[in-house]
Amino acid sequence: MLQTRNKPEATTPYERLEALLKAAKAAGADAAEAVFAESRALSVGVRKGALEAVERDETADLGLRVFVGRRQAVVSVSEFSKGTLDRTVDRAVAMAKLAPEDPYAELADPARLWRGGEETALDLYDGSTIAAEALQARALAIEEAGLAVDTRLQSDAANTGYSQNCWHMMTSAGFRGQHHTSLFFQSGRFIATGEDGAMERDGEGRSTRYLADLPPLEDIARTAAERAVAALGARKIATQKAPVVFDKRIAKSLIGQFLGAISGTAIARGSSFLKTKLGQPLFSSSVSIIDDPLRVRGLGSCLFDDEGVAAGRTALIDNGRLTTWLLNTASAKQLGMTSTGHASRGLASPPGVGAHNVTLTPGTQSFDDLLTDAGSGLIVTSMFGPSVNSDTGDWSAGASGFWFEDGAVAYPVNEITVAGNLIDMYARLIPGSDLEIRGTLDTPSFLIDGLSVGGK
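The rules we used
Residues numbered from 1 in each chain as written. Predicted model: local features only at pLDDT ≥ 70, side-chain atom pairs only at ≥ 80, totals over all residues. Heavy atoms only, no water. Helix = DSSP H or I, 4+ residues; strand = E, 2+ residues; numbered from the N terminus. Rg over C-alpha atoms; globule rule 2.2 N^0.38 Å. Contact = heavy atoms within 4.5 Å. Areas by Shrake-Rupley, 256 points an atom, 1.4 Å probe, with all protein chains shown as cover. Lys, Arg positive; Asp, Glu negative; His and termini not counted. Charge placed at Lys NZ, Arg CZ, Asp CG, Glu CD. Expected span 1.5 Å × (residues − 1). Buried < 20%, exposed > 50% of the residue type's maximum accessible area, 1.4 Å probe, protein only. Arc of directions from axis to C-beta. Phe/Tyr/Trp six-rings, centres within 6.5 Å; stacked < 30°, edge-to-face > 60°. Pairing = 2+ DSSP bridges. Axes fitted to C-alpha atoms, helices over the stretch in contact; angles between N-to-C directions. Core = buried A, V, L, I, M, F, W, Y, C linked by side-chain atoms within 4.5 Å. Disulfide = S-S within 2.5 Å. Salt bridge = Lys/Arg side-chain N within 4 Å of Asp/Glu carboxyl O.

A. Examining the overall build of the chain more closely. Looking only at helices and strands, the chain has nine helices and 19 strands in total. Relative to the 2.2 N^0.38 estimate, which gives 23 Å for 456 residues, the radius of gyration of the chain is 24 Å and therefore close to what a compact globule would have. By principal-axis analysis of the C-alpha atoms, the chain measures approximately 75 × 55 × 35 Å. The contacts of the chain with a sequence gap of at least 6 include a subset with a gap of at least 24, amounting to 71%. Entry remark: accessible area of the chain is about 19,500 Å², with carbon and sulfur atoms responsible for 49%. Distance between charge centres in the chain, computed from 45 positive and 56 negative side chains, equals 5 Å.

Dropping the structure here:
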C-alpha cells in the first residue's frame, strides 16, 4: 500500500472511510459514498542532451458524496485532521440539503455490486521504482538513438517515468473495494528539417502496467525519428472525394467519437447522433467492438466501476449491431435500464460515464491490402481540431499523412481536411488486420471510401 505524508499512523484507508460514512449519516445524510486515493509519481524530461524537467508527486485525496433524499453533494479534501474531516462532512450535508432535487440520484443497485475476489488476477500493480538519475539516463538514450537515425533530426523532447496509485472506496450500503495500479511510460519526439527549411515533427510513446513490458528504448527512438523524416517534403493536394485509410494510431479517435455518442448521459440528454440506433446495424457484420475491463495488465482494467458495480466484458457492437449504451446508475435509471458498470468519476464530482479497454476487432486484410484495394487515396497519420455535430454526426478534422497511388505510398501531404458523416463512415468502415493492444482504446487501421478531402 502506498504511504503518504498526510496519512496518520495506525489509520487504514478503510478505517478512515468507515468513520467518515458514519459521521455523514449522523449529520443527516440518508446515504453516502467515500473514496480515498493515494498516488506516487516520478517523471523526467530531457531536450537536446540537457535535463529539462523532473517532476515528483506524492499525494493523498479524499472524496465524499452524500445523499439527502434525492439531493446530493460532492466534496474533496487533501488534509485529514479530525477537524478538517468534521468540517468536510458538515459542508457536504449542508450543500446536499440546498441542492436541487435529482430524481435519479442514488447509490448503485446492491444487486449489481462487485462481491469481492482476487484483485491480483488482473495483475495491475508492479512495485518497481526507478531513481530519477536512471530515468534521465533512459530519456537521454531515447534522444541519442533517435538522432542517430538521420542527420536532419533534432530532439524535441524525450520523457520517461512511472506512477503508482491506490483507490479505496466504501459506501454506507456496505460496499468496499480497492483498485491498486502502476504505470510506466517512455516517449520521444523529434523534428526533421528538409533542404527547403520546412520542419516536420513526430514521435512515439508507450505506457504499460509493468516496467518489463515496455519496448526497448531504441525501438521507441527509431519509430519516432523515422516518422519525422518520412514526413519531409509534404505537398498539398487538390480538394476531392477519395478513399481514406486511417492509420491505426489515429483511427481510434473515430471510435472515440462512437463511445461518446453511446454514453448514457448523452443519450439521456437526447444529444447524440446515435440516440435512435440501439439494436440496429451500425457497422458491417464483420465488425465488433468489445469493452473488456478484465484484461490482464490492461491500462483500463478493473473489477468494479467507480460506483462499485461489477465490471464485465461487453460487446458494444456485436457483428455490426449496436447492443447497449454505456450506463452509470443515474443515466440507467433515467433511461429505465440497469447500470452496465461504466461509471467514471473524479473525487470532486458525481460519476459520469467511461469505457474500460475497448478494441475494434481486426479484419483479414493487411494495411498494404487496404491500399491495394483502394488504389489511390489518402493515408491519415495525424489529425488535429476534430469537430463533430453531436446531433447529426457530421464530422471534420485537419489532417496530414501520405498520398498513395496504385496501392503504394507516393509522397507525404499536409494542410488538408477530411470530412464525412460518422453514421455513413461507420457503415463503410473496412478494418485491417494490424490491431495492436497498447492502451484503453485500440483499433486496427481501417479504410473508408468516398470521404471529402479538402486541399488547395
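B. The arrangement of helix H2 (residues 82-98) in detail. Here H2 spans 25 Å end to end across 17 residues, near enough to the 24 Å set by a 1.5 Å rise per residue. Along H2, the residues classified as buried are Thr84, Leu85, Thr88, Val89, Ala92, Val93 and Ala96. The arc that holds the buried residues of H2, viewed along the axis, is 160 degrees, so those residues lie on one side. More than 90 degrees from the buried face of H2, the exposed residues found are Arg87 and Leu98. Looking at the buried positions of H2, the neighbouring elements they touch are helix H1 (13-26), strand E2 (50-68) and strand E3 (71-77).

C. Quick look at the packing of aromatic side chains. Under the defined criterion, the tally for this structure stands at 10 aromatic pairs. Each ring, one from tyrosine 162 and one from phenylalanine 184, has its centre 5.7 Å from the other, and the planes form 20 degrees; the classification is stacked. Within this pair, whereas tyrosine 162 is found in strand E4 (residues 153-171), its partner phenylalanine 184 is found in strand E5 (residues 176-193), the two being separated by 22 residues in sequence. Judged by relative accessible area, tyrosine 162 falls into the buried class, the value being 7%. Measuring from centroid to centroid gives 5.8 Å for phenylalanine 246 and phenylalanine 446, while their planes differ by 50 degrees, and the two rings are tilted. Here phenylalanine 246, found in strand E7 (residues 240-246), pairs with phenylalanine 446, found in strand E19 (residues 446-454); they are 200 residues apart in sequence, far enough to count as distant.

D. Highlighting the sheet that holds strand E6 (residues 199-208). With antiparallel pairing, the six strands of this open sheet are ordered in space as E3-E2-E1-E4-E5-E6. In this open sheet, the two strands that pair with only one neighbour each are E3 and E6. In this sheet, adjacent strand axes meet at a mean angle of 20 degrees when their direction is disregarded. Sheet analysis places E5 next to E6, joined by 10 bridges and oriented antiparallel. What sits directly across from alanine 192, in E6, is glutamate 200. Sheet strands touched by helix H3 (residues 132-147): strand E1 (31-47), E2, E4 and E5. Its angle to E4, the strand with the most contacts, is close to 140 degrees.

E. Inspection of the nonpolar core at higher detail. Counting residues in hydrophobic clusters, the biggest one holds 48 residues, and the most contacted among them are Phe246, Phe258 and Phe283. If one sorts the elements of this core by residue count, helix H5 (residues 248-261) sits on top with seven residues. When sequence neighbours within four positions are dropped, the list of residues in contact with phenylalanine 246 reads Ala251, Leu254, Val380, Met383, Trp395, Val418, Met425, Ser445, Phe446, Ile448 and Leu451. Formed by 24 residues, the second largest nonpolar core is a distinct cluster that contains Leu20, Ala24, Ala32 and Phe80.

F. Spotlight on the state of the cysteines. Scanning the entire structure with this criterion turns up zero disulfides. With no disulfide partner, cysteine 166 has as its closest neighbouring cysteine sulfur the one in cysteine 302, 14 Å distant.

G. Focus on the sheet that holds strand E13 (residues 358-360). If you walk across this open sheet you meet the five strands as E10-E9-E8-E13-E18, and the pairing is mixed. For this open sheet the edge positions go to strand E10 (321-322) and strand E18 (441-442), each flanked by a neighbour on one side alone. One ladder, built from three bridges, connects strand E8 (residues 289-291) with E13; its direction is antiparallel. What sits directly across from isoleucine 289, in E13, is leucine 360.

H. Structural view of the environment of leucine 85. With respect to the helices and strands, leucine 85 occurs in helix H2. We classify leucine 85 as buried; its relative accessible area is 13%. Along the backbone, leucine 85 and alanine 261 are 176 residues apart, and their C-alpha atoms lie at a distance of 39 Å. Residue contacts for leucine 85: discarding those within four places in its chain leaves Arg16, Leu20, Val77, Glu79 and Phe80.

I. Representation of the pattern of salt bridges in the model. In this structure the tally under the stated criterion is 22 salt bridges. Arginine 65 is the salt-bridge partner of glutamate 307, the closest N and O atoms lying 3.7 Å from each other. Highlighted residues: glutamate 307 in the loop between E8 and strand E9 (314-318) and arginine 65 in strand E2, separated in sequence by 242 residues. On the basis of relative accessible area, glutamate 307 is assigned to the buried category, the value being 4%. As a salt-bridge pair, glutamate 204 and arginine 227 come within 3.0 Å of each other at their nearest N and O atoms. Note that glutamate 204 is positioned in strand E6 and arginine 227 in helix H4 (residues 217-230), a separation of 23 residues in sequence. In this structure glutamate 204 comes out as buried when scored by relative accessible area, which is 13%. Ionic contacts of the salt-bridge type, sharing partners, join the residues Glu204, Arg206, Arg227, Lys248, Glu436 and Arg438 into one network.

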